[in-house]
There are 4 protein chains.
Amino acid sequence: MATTYLAAVFPAPHAPIELGEFPEPELEHGAALLHTMYSEVCGTDVHLHHGKLSGVPYPIIPGHVSVGAVAKAHGSLKTVNGDPVKEGDVVTFLDVHETCNNCYHCLVAGQPTRCPSRKVYGITYSANDGLLGGWSQAIYMKPGVKMIHIPDGLAPETFIGGGCGLVTALHAVDMARLKLGDSLAVCGVGPVGQSAVALASLSGAGEIVAVDAVEDRLEYAKRMGATQTISLALPRKERLSRAHALTRSRGFDVVIEASGHPDAVSEALDLVRDGGRVIVCGHYTDNGSVEIHPHWQINRKHVELRGVWGSRYEHFHRAVEIAARFGGEKPWSEMIGGRFELREAKAALEAVEKRQVTKSVIMA
Amino acid sequence: MATTYLAAVFPAPHAPIELGEFPEPELEHGAALLHTMYSEVCGTDVHLHHGKLSGVPYPIIPGHVSVGAVAKAHGSLKTVNGDPVKEGDVVTFLDVHETCNNCYHCLVAGQPTRCPSRKVYGITYSANDGLLGGWSQAIYMKPGVKMIHIPDGLAPETFIGGGCGLVTALHAVDMARLKLGDSLAVCGVGPVGQSAVALASLSGAGEIVAVDAVEDRLEYAKRMGATQTISLALPRKERLSRAHALTRSRGFDVVIEASGHPDAVSEALDLVRDGGRVIVCGHYTDNGSVEIHPHWQINRKHVELRGVWGSRYEHFHRAVEIAARFGGEKPWSEMIGGRFELREAKAALEAVEKRQVTKSVIMA
Amino acid sequence: MATTYLAAVFPAPHAPIELGEFPEPELEHGAALLHTMYSEVCGTDVHLHHGKLSGVPYPIIPGHVSVGAVAKAHGSLKTVNGDPVKEGDVVTFLDVHETCNNCYHCLVAGQPTRCPSRKVYGITYSANDGLLGGWSQAIYMKPGVKMIHIPDGLAPETFIGGGCGLVTALHAVDMARLKLGDSLAVCGVGPVGQSAVALASLSGAGEIVAVDAVEDRLEYAKRMGATQTISLALPRKERLSRAHALTRSRGFDVVIEASGHPDAVSEALDLVRDGGRVIVCGHYTDNGSVEIHPHWQINRKHVELRGVWGSRYEHFHRAVEIAARFGGEKPWSEMIGGRFELREAKAALEAVEKRQVTKSVIMA
Amino acid sequence: MATTYLAAVFPAPHAPIELGEFPEPELEHGAALLHTMYSEVCGTDVHLHHGKLSGVPYPIIPGHVSVGAVAKAHGSLKTVNGDPVKEGDVVTFLDVHETCNNCYHCLVAGQPTRCPSRKVYGITYSANDGLLGGWSQAIYMKPGVKMIHIPDGLAPETFIGGGCGLVTALHAVDMARLKLGDSLAVCGVGPVGQSAVALASLSGAGEIVAVDAVEDRLEYAKRMGATQTISLALPRKERLSRAHALTRSRGFDVVIEASGHPDAVSEALDLVRDGGRVIVCGHYTDNGSVEIHPHWQINRKHVELRGVWGSRYEHFHRAVEIAARFGGEKPWSEMIGGRFELREAKAALEAVEKRQVTKSVIMA
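All values derive from a computational prediction rather than experimental measurement.

Asker: Would you take a moment to explain the overall build of chain A for this structure?
Answerer: Secondary structure assignment for chain A yields 10 helices and 18 strands. Relative to its length of 364 residues, chain A is compact, with a C-alpha radius of gyration of 21 Å against a globular reference of 21 Å. Taken along its principal axes, the extent of the C-alpha atoms in chain A is 70 × 40 × 40 Å. Within chain A, the fraction of its 364 residues that count as buried is 59%. Sequence-distant contacts, at least 24 apart, represent 68% of the contacts inside chain A between residues at least 6 apart.

So this is what it looks like as structure tokens:
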């Protein structure tokens, strides 16, 4: 009798989540099948459900960052580290696949996120093409998908707690070129912002100030390494005063915008010191526009502003290593506010959408 | 009988220019007196006349970049190169003075333009304190002012043709970290933009596209090294199409905004390629705000945006050397659209204000 | 009757060059066949003939940089620019192939030259595996080999004149992060050094000093852009004095070592200014060791020293574009001191080995 | 009756230390007098005693990094932070003084350590000119010397435990541009190396491997943050094997040479991964030469090597802040192996010279 797997499916934008049954795929040479342990539910899934991303081939199986156990593998597979991937191994994998390494964007501009061949599990693969998202009992690892072992001593929940936000935050913190003792503000401490706080703390930042509207998130940010918090309940002018009080009126060496609110980009430019760096990583999707003031916010400040959208394999690889090494110091697993069965996918998504939790996971 | 010198004075914002008579100053130890040969009239002088800069101690003698001959020197003065400064030498000098090298901004943040002690000839020194601007028959070199010789073979008109715009453009082009063959757009080819075109050309940029509304400026930009031009007479959408046609639909590796129009910051973000660099150097003064779109213009593009306001001594020093070495290749002296006597200062200023010329000089 | 092609073969280290006859290969999907126009003979070929490189699968067909016309293509091939590759097109191609983009070196360390799968036409492919070197009437383009068109207006002789040395020099000059007006010395003006001089000149370097023993090379370097030369006929101490005389006793902002003599690395450290940059790109093969003095040559000088061995696709791609744009300004084709028929390969090699010419080409 | 102060004096190279009596200096405007609390005894003092540094104006009072209490101040003195310096304040100060900020090295090359006016307390000031070294009951703060408060909560012993080695290590770690999780080896864990270990640990380095001959030092390095140690008791080849075992045969992302042995520079080049960074900061004085192999150790590895000799004010300033913030996490005060009275200066020096202690302090 044929094995089948259940998976949650977004049939179309705004349409109710459905539970589909998929036949076990035959493995091509170089492919593998994972039995899913955890798959993340994050803000991008909310956007996908609302149809806010372009180029999404609905129906899709959501779930871009997942952990699973290798059920089957066809051929002798290896990780980037050269380690063999065997049945029973607990792994995670880079959601981005098929980047061609053969086009101008990949090879000359150094911008593989612009590669036209790029595909993403849980986002730009269709459910019609198989088990290519994580909200599923099984995930099909196409040949060449980059799996990596969850190292001994790293609880899968710690890694999935960090999840895609950890990878993005690592990219952002790398770009910020933090020097020991640098002061830092993180505007918005959702999944990306919390990991940015944790990584900045591990990088030896000095004053680390979390800015958010939600008190629980600010409390959690302190456990992740924030030395101070500023509530969005304060008016913008008072937030700036607080920032000045914390930085000898200089502003922060680095500000990381991770909120997704357009206004936060303008506020970040106010909060940063002259000659400081602003990393904008909250606008993965289109949340509208913001008015900025070139003279006061850019020229006169000699500001450096960088945008982060996607990440490279390097960030994913190092994120696993960093979670393994420092997972005991930073409570990443607390990011998971709700654990849900596959058939509870709707509730898992709503908990994120309504901001009841920073992140849900689906345990398939 | 006491020697006196004439100087043009801005008595107050909007007030008519006056011609004042100043006694020859007694030289402190380490000071010198220049007999002015050329002093620049640029957009900043227009702003000063309109009272658009804050902290200006009117009355002032305008003129921040000048060339003169050393009439007197008290003590054994030397340039940064260690060369003695003697009577009769033709020199220029850094308008910025008194930066303390003793405060957080100077010593820790690496942002001497934020030093509270910083003063600027022709801008933040008062005429009540002496001949501290270039629209004057003589300029008092306070002890420690950094003079440098106009090297043999460098026509003073070539250097003053470049003037403050050349220094700012060098700072901008340094920041752009051009690689050989990089494509570049310069939005706005006034004094800063023209020098940016010339310096990018000397740096081995590939396609160099000047964008401006004034046809004469675009023609001049070609003589400075632009390979293509785009007229602001075209609608914005068509300008973008032209840019795409010139860059295989990729956008430019580097865009330098040198127009001072807030909208040009947004257009620069559209014109730049994914992963490219935008340098905003046109907003020395407050010209208003602009709406930008974080998702499309920053995050998704992985853009790097940098602001340039003031410059460091290094830029001034190298600008003189570059003008000396490459002055024969780039027609900087053509930047001077009008040559005026001191008593014609009003006409010199109006020619710039009405955009009849890119730049005037006063020959005192 | 079956078509065959002649190719020059190194059967083994030190063994005489042989002329072999190869059957026309059948094309796999994605492959192409070039009819060779030019293939370069450079110092690396001398090393290959002497067996100085490890891991070379003799017999080999030498010739790593070549220009040819597409004779046949199987499938719809495209360049990195997305342009179709059709029969009759004149192209060059990246000699490096099979870099995996799947290992630690490729994906995490950013060092694809260390990828264990990496192969190089003319060096690490065996003649037993086909027409995989340029000293041949035809070259087999394996599927995925990165071809690029010789653009209209670029004489193939200009590009092959630059050849592999141009690509290496571009990598070196990129690494040197030249700023406009920087002073530079190039130690050794063979094929890499001459292109380094030309590229530094195109990048707006100031004083550009070529150092070599061969008077003809120094003369040629002047035509490539050197402003001064220093002969190795002078004792080392006097060479240093000359360098000081040319740099106000400061030393050079940048020194590029392109000679392959170990002592030149030490001399480069003497010639560079405090806080300057030394790029070592001459030691592609093992030419022995050198004594250096950490206190005086590294610590006290705050020197930055970088090694260049291989290059990335980006350097090759931009080298073609730069040759197309600036080929009229720099006489790259003069690098070719001798043009030889395929059956004269021995003479072509000897001319390089005996330093009678900077470079030979084989016209197959 | 006139106040006098005792100070330890090096009369000449190799001559026995003398105890001199100095009159209390009259304070110029802007000057201050410190009553010394701690002054460091480090390897540089051993070198000074042996006459190994050039340009030292014997007799000198050694002691370049010190902590003291302000006994008197003439005028209203301020720190770089803008805080007033008042009698009774506990401060430290930058030993480097009189850097001119007016010469090519200071202003164009960005190399103030090469400024010809530069002077250093305890090294290049003569005892004939007053109390200008720290092995003294009092230290004369010349006008403009940059004092900074020991912040509340920072034990002076923690800061002096770090001392000059902490400042140099911060410069080195900044230059290494560590990314989160990078692996690192520190060759030589004397005062600089121990702080390099601590700072790398605070910066989120991954594997941190201390290499030294002294078992106690390796143990201490573990308390500072080393994750592994390699003993110089092992032959060089085995040390390399151990390094490979710790880095999946890749070598370290970063190697910091802090031993002062010339051979360690060569070993660092072996230990670093392809494309990694080597910082050489151990050769403050001339300890001889080393043979290196350009092909294998530089070119083929695409290595980046940087030298660190002196530091800038920024490093000193941030070192104080970092010690204040992280002093509780890293046992810097344990660096002090011996506490000596001023009249025991000989014993203090011998303890360092004989490597009985990592560092001594003199408590005056």
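Asker: When you look at the relation of the copies chain A and chain B in this model, what are you seeing that I'm missing?
Answerer: Mapping between the two copies of the chain is achieved by a rotation about an axis and a shift along the axis. By a simple turn and slide, chain A fits onto chain B: the slide is 0.0 Å along the axis, the RMSD is 0.0 Å, and the turn is 180°. Here the copies are linked by what is in effect a two-fold axis. In terms of C-alpha distance to the rotation axis, chain A has Glu291(A) as its closest residue, with the C-alpha 2.1 Å off the axis. The overlap is high: 100% of the interface residues of chain A also sit at the interface in chain B, so the same surface is used on both sides.

Asker: What is the right way to look at helix 9 (residues 313-326) of chain B in this model?
Answerer: The end-to-end C-alpha distance of helix 9 of chain B is 20 Å, a good match for the 20 Å that 14 residues give at a rise of 1.5 Å each. Here helix 9 of chain B lies mainly inside the structure; 11 of its 14 residues are buried. Among all positions of helix 9 of chain B, only Tyr313(B), His315(B), Phe316(B), His317(B), Arg318(B), Ala319(B), Val320(B), Ile322(B), Ala323(B), Ala324(B) and Arg325(B) are buried. Packed against the buried residues of helix 9 of chain B are strand 7 (90-93), strand 11 (147-149) and helix 3 (156-176) of chain B together with helix 2 (104-107) of chain D.

Asker: Mind showing me how you'd approach unusual backbone geometry here?
Answerer: Glycine aside, residues mostly have negative phi angles, and peptide bonds mostly take the trans form. The step from Tyr58(B) to Pro59(B) runs through a cis peptide bond, and the omega angle for that step is 0°. Tracing the sequence through the fold places Pro59(B) in the loop between helix 1 (43-49) and strand 4 (66-73). Although it is not a glycine, Arg177(A) adopts a positive phi angle of roughly 45°. Position of Arg177(A) relative to the elements: it lies in the loop between helix 3 (156-176) and strand 10 (184-187). Positive phi is not limited to glycine here, since Ser249(C) has a value of about 65°. Secondary-structure assignment places Ser249(C) in the loop between helix 6 (236-246) and strand 13 (252-257).

Asker: Looking at this structure, how should I read the sheet that holds strand 16 (residues 304-307) of chain A?
Answerer: Sheet strands associate in pairs through backbone hydrogen bonding, adopting either a parallel or an antiparallel arrangement. Read from one edge of the open sheet, 12 strands run 12(A)-11(A)-10(A)-13(A)-14(A)-16(A)-18(B)-16(B)-15(B)-12(B)-13(B)-14(B), paired in mixed fashion. Of all strands in the sheet, those bounded by a partner on one side alone are strand 12 (228-231) of chain A together with strand 14 (228-231) of chain B. Averaged over all pairs of adjacent strands, the angle between strand axes in this sheet comes to 15°, irrespective of strand direction. By the bridge criterion, four bridges tie strand 12 (residues 184-187) of chain B to strand 13 (residues 208-212) of chain B in an arrangement that is parallel. The residue bridging Cys187(B) from the neighbouring strand is Val211(B), located in strand 13 of chain B. Packing against the sheet, helix 6 (residues 236-246) of chain A makes contact with strand 10, strand 11 (208-212), strand 12 and strand 13 (252-257) of chain A, and its axis sits at approximately 165° to strand 12 of chain A.

Asker: What is the right way to look at the interface of chain C and chain B in this model?
Answerer: When the parts come together, some accessible area is lost, and that loss is often what is quoted as the size of the interface. The partner chain B presents 17 residues to the 17 residues of chain C that form the contact. Of all the elements, helix 9 (residues 313-326) of chain C adds the most residues to the side of chain C that touches chain B, at four residues. Here the side of chain C that touches chain B is built from residues that sort into six nonpolar, five polar and six charged.

Asker: Please clarify how the interface of chain A and chain B should be interpreted in this entry.
Answerer: Contacts between the two partners involve 39 residues from chain A and, on the opposite side, 39 residues from chain B. Only helix 7 (262-271), strand 14 (272-280), strand 15 (290-292), helix 8 (294-299) and strand 16 of chain A provide two or more residues apiece to the side of chain A that touches chain B. At five residues, helix 8 of chain A tops the list of elements feeding residues into the side of chain A that touches chain B. Broken down by class, the residue content of the side of chain A that touches chain B amounts to 16 nonpolar, 13 polar and 10 charged. For strand 15 of chain A and strand 17 (residues 290-292) of chain B, the ladder comprises three bridges, and the chain directions are antiparallel.

Asker: Whenever I open this one, the domain arrangement of chain A confuses me. Can you help?
Answerer: Residues and elements named next belong to chain A. We note that the domain assignment places domain 1 (4-154 + 327-363) and domain 2 (163-307) within chain A. Of note, the centres of domain 1 and domain 2, computed from C-alpha atoms alone, are 29 Å apart. Facing the 16 residues of domain 1 at the interface are 16 residues of domain 2. Per-class residue counts for the side of domain 1 that touches domain 2 are five nonpolar, five polar and six charged.

Asker: Looking at this model, I keep getting lost on the environment of Ala109(B). Mind explaining?
Answerer: Looking at where Ala109(B) falls in the secondary structure, it is placed in the loop between helix 2 (104-107) and strand 9 (119-120). Judged by the 20 C-beta atoms lying within 10 Å of it, Ala109(B) is buried. The spacing of Ala109(B) and Val120(B) is 11 residues in sequence and 21 Å in space, taken between C-alpha atoms. Filtering out sequence-adjacent residues up to four positions away, Ala109(B) remains in contact with Arg273(A), Asp274(A), Gly275(A) and Tyr104(B).

Asker: What's the story with the packing of helix 4 (residues 191-202) of chain C against helix 5 (residues 215-224) of chain C in this structure? I'm lost.
Answerer: The description of two helices packed together rests on the angle between their axes and the distance between the axes. Residue and element names in this part refer to chain C. Running from amino to carboxyl end, helix 4 crosses helix 5 at an angle of 25°, the nearest separation of the two axes being 8 Å. Comparing the axis directions of helix 4 and helix 5 gives the class roughly parallel. Where helix 4 crosses over helix 5, the two elements pack in a sense that is right-handed. Along its contact with helix 4, which presents Gln194, Val197, Ala198 and Ser201, the element helix 5 presents Tyr220, Ala221 and Met224. Here the contact of helix 4 with helix 5 is built from residues that sort into five nonpolar, two polar and no charged.

Asker: What am I meant to see in the confidence of the model for chain A here?
Answerer: Detailed conclusions should not be drawn from predicted coordinates in areas where pLDDT is low. Summing up the model confidence of chain A, the mean pLDDT is 97 and the portion of residues at 70 or higher is 100%. Both confidence scores are given for the complex: pTM 0.97, ipTM 0.97.

Asker: Whenever I open this one, the relation of the copies chain C and chain B confuses me. Can you help?
Answerer: Superposition of chain C onto chain B requires a rotation of 180° combined with a translation of 0.0 Å along the rotation axis, giving an RMSD of 0.0 Å. A shared binding surface is used by both copies, with 100% of the interface residues of chain C retained as interface residues in chain B.

Asker: How do you make sense of the environment of His302(A) when you look at a structure like this?
Answerer: Counting through the fold element by element, His302(A) comes out in the loop between helix 8 and strand 16. Along the backbone, His302(A) and Leu349(A) are 47 residues apart, and their C-alpha atoms lie at a distance of 41 Å. Apart from residues no more than four positions distant in its own chain, His302(A) is found in contact with Asp274(A), Gly275(A), Gln111(B), Thr113(B), Gly307(B), Val308(B) and Trp309(B).

Asker: Please clarify how the sheet that holds strand 12 (residues 228-231) of chain C should be interpreted in this entry.
Answerer: What the 12 strands build is an open sheet, ordered 12(C)-11(C)-10(C)-13(C)-14(C)-16(C)-16(D)-14(D)-13(D)-10(D)-11(D)-12(D); its pairing is mixed. Looking along the sheet, the strands with just one partner apiece sit at the ends: strand 12 of chain C together with strand 12 (228-231) of chain D. Sheet twist, expressed as the average angle between the axes of neighbouring strands with direction ignored, equals 15°. Note that strand 11 (residues 208-212) of chain C and strand 12 of chain C share four bridges and pair parallel. Bridge pairing links Asp212(C) to Ser231(C) in strand 12 of chain C. Relative to the sheet, helix 3 (residues 156-176) of chain D contacts strand 13 (252-257), strand 14 (272-280) and strand 16 (304-307) of chain D, its axis offset from that of strand 14 of chain D by approximately 155°.

Conventions and cut-offs
Residues numbered from 1 in each chain as written. Chains lettered and ligands numbered in written order. Predicted model: local features only at pLDDT ≥ 70, side-chain atom pairs only at ≥ 80, totals over all residues. Helix = DSSP H or I, 4+ residues; strand = E, 2+ residues; numbered from the N terminus. Rg over C-alpha atoms; globule rule 2.2 N^0.38 Å. Buried ≥ 20, exposed ≤ 12 C-beta atoms within 10 Å, placed from the backbone. Contact = placed C-beta atoms within 7 Å. Least-squares fit on C-alpha atoms with pLDDT ≥ 70 in both. Expected span 1.5 Å × (residues − 1). Pairing = 2+ DSSP bridges. Axes fitted to C-alpha atoms, helices over the stretch in contact; angles between N-to-C directions. Nonpolar A, V, L, I, M, F, W, Y, C, P; charged D, E, K, R; others polar. Domains from an automatic or database assignment. Parallel < 35°, antiparallel > 145°, perpendicular 65-115°, else oblique. Left-handed = near helix turned anticlockwise from the far one by under 90°. pLDDT = per-residue confidence, 0-100.

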